[in-house]
Amino acid sequence: MPIFTAIQGSVTAPSFFSQLFSSNDASSSSSLLASHTCHFTCSKIFHKSRHSFSTLKVSVSENPNQSATTATAFSTGVVEASPDGIRQARRSADWKAARAYIDSGSIYEGRIEGFNNGGLLIRFYSLLGFLPFPQLSPSHSCKEPEKTIHEIAKGLIGSRISVKVIQAEEENRKLIFSEREASWLKFSKRINVGDIFAGRVGSVEDYGAFVHLLFPDGLYHLTGLVHVSEVSWDLVQDVRDVLSEGDKVKVKIVNIDRQKSRITLSIKQLEEDPLLETLDKVIPQDGSVDPDPSTMNSSGTIEPLPGLEAIIEELLIEEG
């Protein structure tokens, strides 16, 4: 005979999700979902001669001071529980959680499960997402510059990484992460225009060089661009003639676009403008000019430049 039970009481959110999911990440799921008012329906299975279940209606409060979740259970009937159905329900809930991370802009601490030719495989509750290699923080490659990206990825398996969810499409099964954007959220607040950083040159392009900024913790967390016009006071035709990947340089932050997460850097602004330096040497600080004996005649007057009168006459003839 089926067993029907009716229970009314209070349970904490973590314990409820532990019963629902039977997973170590139940507390993580409940902490994310407890920030919204929501209602869930789930099934708890009791075994006798057949399967009987009770439906629980759970209300999660937005009040952070309220730690208990009220649950009311009532018997509804007899069903056959499907493991595939439970698994699919959980996966759908995790896709919703991923979209909630995008909306809130929160950082997720994920475990690195493996890698392929394009990037890392990150565990997100019951889902497996993807972090492309270009979205990795520069701290990894700068820490071990002698290793290839695949050697670095192999050494990261099993560790946890701070990432931001940047794409979550359940219908296309696309779950994409970015460590660079997570690093921007963490460290962009610590930089200001005018700050001077030690840096390491990353990729070098025709239009400039990308430089990774070294922070006090000894890691390179953010990357900025030194435009070709900010490399040197001298005319630079090809940035590769001046900078190479791996070079250590000092840079000055000249602009921060917080909307687009971009940093503009300069190398030449840490050096004196050679033109101004030359003028300071030619023109004394007191404004006086020492006469050049070669340009003066015996009477002490300065001879005009040769051909100056002819140039003036031609200019007077021309209109304007």
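Predicted, not measured: the structure shown is a model, and the values here were computed from it.

Asks: An account of the overall build of the protein is needed here, citing residue identities and associated values.
Replies: Scanning the protein for helices and strands turns up 8 helices and 14 strands. A burial count over the protein gives 32% of its 320 residues as buried. When the accessible surface of the protein is split by element, carbon and sulfur atoms take 53% of a total near 20,200 Å².

Asks: How would you sum up the pairing of strand β9 (residues 174-178)? Please name residues and give values.
Replies: Extensive coverage of β9 is indicated by the burial of 4 of its 5 residues. Across 5 bridges, the pairing between strand β8 (residues 160-169) and β9 is antiparallel. Bridging across to β9, Gln167 finds its partner in Ile176. Counted along the chain from β8 to the antiparallel partner β9, the turn is 4 residues long, and its residue Arg173 has a positive phi close to 55 degrees.

Asks: Run through the packing of aromatic side chains, naming residues and quoting values.
Replies: Two numbers describe a pair of aromatic rings. These are the distance of the centres and the angle of the planes. This model, assessed by the stated rule, comprises 9 aromatic pairs. Relative to Phe215, the ring of Phe197 lies with its centre 5.4 Å away and its plane at 50 degrees, an arrangement referred to as tilted. Note that Phe197 is positioned in strand β10 (residues 196-205) and Phe215 in the loop between β11 (208-214) and β12 (220-227), a separation of 18 residues in sequence. Here Phe197 matches Phe215 in class, with each residue buried. With a centroid separation of 6.3 Å and an interplanar angle of 90 degrees, the aromatic rings of Tyr207 and Phe210 are classed as edge-to-face. A residue is classified by how much of its surface remains accessible, and Phe210, at 26% relative accessible area, is partly exposed. Here the aromatic cluster, defined as three or more aromatic residues joined through ring pairs, consists of Tyr101, Tyr108, Phe124, Tyr125 and Phe177. Just above the ring of Trp233 sits the side chain of Lys268; from NZ or CZ to the centre is 4.5 Å.

Asks: Give a description of a nonpolar patch on the surface that names residues and reports values.
Replies: Among the surface-exposed residues, Leu305, Leu308, Ile312 and Leu316 lie close enough to one another that they form a single nonpolar patch of about 420 Å² accessible area. Inspection of the secondary structure assignment puts Leu316 in helix α8 (residues 308-317).

Asks: Let's hear about unusual backbone geometry: which residues, and what values?
Replies: One non-glycine residue, Tyr125, lies in positive phi territory at about 55 degrees. By the element assignment, Tyr125 lies in the loop between β6 (119-124) and β7 (127-132). On the accessibility criterion, Tyr125 (7% relative accessible area) is buried.

Asks: Can you lay out the environment of Ser178 for me, pointing to particular residues and giving the numbers?
Replies: If you trace the backbone, Ser178 turns up in strand β9. The sequence separation of Ser178 and Leu136 amounts to 42 residues, and the corresponding C-alpha distance is 6.7 Å. Excluding residues within four positions of it along the chain, Ser178 makes contact with Leu131, Gln135, Val163, Lys164 and Ile166. Engagement of the side chain of Ser178 in a polar contact is seen with the backbone nitrogen of Glu181, the distance being 3.1 Å.

Asks: Explain the nonpolar core to me, and be specific about the residues and the numbers.
Replies: Core analysis: the largest hydrophobic core is formed by 24 residues, its most contacted members being Ile191, Leu213, Val251, Ile253, Ile263 and Leu265. Here this core takes 4 residues from strand β13 (residues 248-257), the largest share from any one element. In contact with Leu265, other than residues within four places in its own chain, are Val211, Leu213, Gly224, Leu225, Val226, His227, Glu230, Val251, Lys252, Ile253 and Val254. One finds Tyr101, Ile122, Leu156 and Leu175 within the second-largest nonpolar core, a separate group that totals 23 residues.

Rules of the game
- Residues numbered from 1 in each chain as written.
- Predicted model: local features only at pLDDT ≥ 70, side-chain atom pairs only at ≥ 80, totals over all residues.
- Heavy atoms only, no water.
- Helix = DSSP H or I, 4+ residues; strand = E, 2+ residues; numbered from the N terminus.
- Buried < 20%, exposed > 50% of the residue type's maximum accessible area, 1.4 Å probe, protein only.
- Areas by Shrake-Rupley, 256 points an atom, 1.4 Å probe, with all protein chains shown as cover.
- Pairing = 2+ DSSP bridges.
- Phe/Tyr/Trp six-rings, centres within 6.5 Å; stacked < 30°, edge-to-face > 60°.
- Lys NZ or Arg CZ within 6 Å of the ring centre and 35° of its normal.
- Patch = residues over 30% accessible without salt bridge, like charges linked within 9 Å, V, L, I, M, F, W, Y side chains within 5 Å.
- Salt bridge = Lys/Arg side-chain N within 4 Å of Asp/Glu carboxyl O.
- Contact = heavy atoms within 4.5 Å.
- Polar contact = N/O pair within 3.5 Å; in protein donor to acceptor, adjacent residues only side chain to side chain.
- Core = buried A, V, L, I, M, F, W, Y, C linked by side-chain atoms within 4.5 Å.

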